[in-house]
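Breakdown of the fold
The primary structure of each chain is shown beneath.
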Amino acid sequence: EKEKLEEYKREKRADKMFERICEILGVDFTESYKKIAIPLIEEYGDLYSIFEALAYGEEVQLEEPWLSEFKNMA
């Protein structure tokens, strides 16, 4: 139960970070989630893992300007 709660918090945190990136880039959250976030989630498991990977300097296959904003947010 505790693990599920932590997973939920991570997902919410990552969604808010992604939402902020969309605001910065001036793009629609819903459309961007479909085009950018869902493929990343399918590849990496969840959005939070992508932010963690970038924070540790790992490479993530993402086009600009998304990559820069993800790195800034991480």
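This text goes with the structure placed above it.
Here we summarise the structure given alongside this text. (Residues numbered from 1 in each chain as written. Predicted model: local features only at pLDDT ≥ 70, side-chain atom pairs only at ≥ 80, totals over all residues. Heavy atoms only, no water.)

Taken residue by residue, helix H4 (residues 66–73) has Trp 66, Leu 67, Glu 69 and Phe 70 as its buried positions. Buried residues of H4, seen end-on, are gathered within an arc of 165 degrees and therefore sit on one face of the element. As for H4, its buried residues are in contact with helix H1 (2–25), helix H2 (29–44) and helix H3 (47–55). (Buried < 20%, exposed > 50% of the residue type's maximum accessible area, 1.4 Å probe, protein only. Helix = DSSP H or I, 4+ residues; strand = E, 2+ residues; numbered from the N terminus. Arc of directions from axis to C-beta. Contact = heavy atoms within 4.5 Å.)

Further remarks concern H2. Under the 1.5 Å per step criterion, the end-to-end length of H2 is only 20 Å for 16 residues, more than 12% shorter than the ideal 22 Å. Ala 37 marks the point of greatest bend in H2, at about 35 degrees, and the proline Pro 39 comes within the next four residues. Those residues of H2 that fall on the buried side of the exposure criterion are Ser 32, Ile 36, Ala 37 and Leu 40. Each element contacted by the buried residues of H2 is listed here: H1, H3 and H4. Looking at where H2 begins, the residue whose side-chain oxygen comes 3.4 Å from the main-chain nitrogen of Thr 30 is Asp 28. Positive phi shows up at Gly 45, right after H2, with a value of about 100 degrees. (Expected span 1.5 Å × (residues − 1). Bend = angle between axes of the 7 residues up to and from the residue. Polar contact = N/O pair within 3.5 Å; in protein donor to acceptor, adjacent residues only side chain to side chain.)

Before going further, it helps to examine the side chain of Ser 32. Locating Ser 32 in the fold gives a position in helix H2. Using a relative accessible area of 6% as the deciding quantity, one classes Ser 32 as buried. Ignoring any residue separated from it by four or fewer positions in sequence, one finds Ser 32 in contact with Phe 18, Cys 22, Val 27, Ala 37 and Trp 66.

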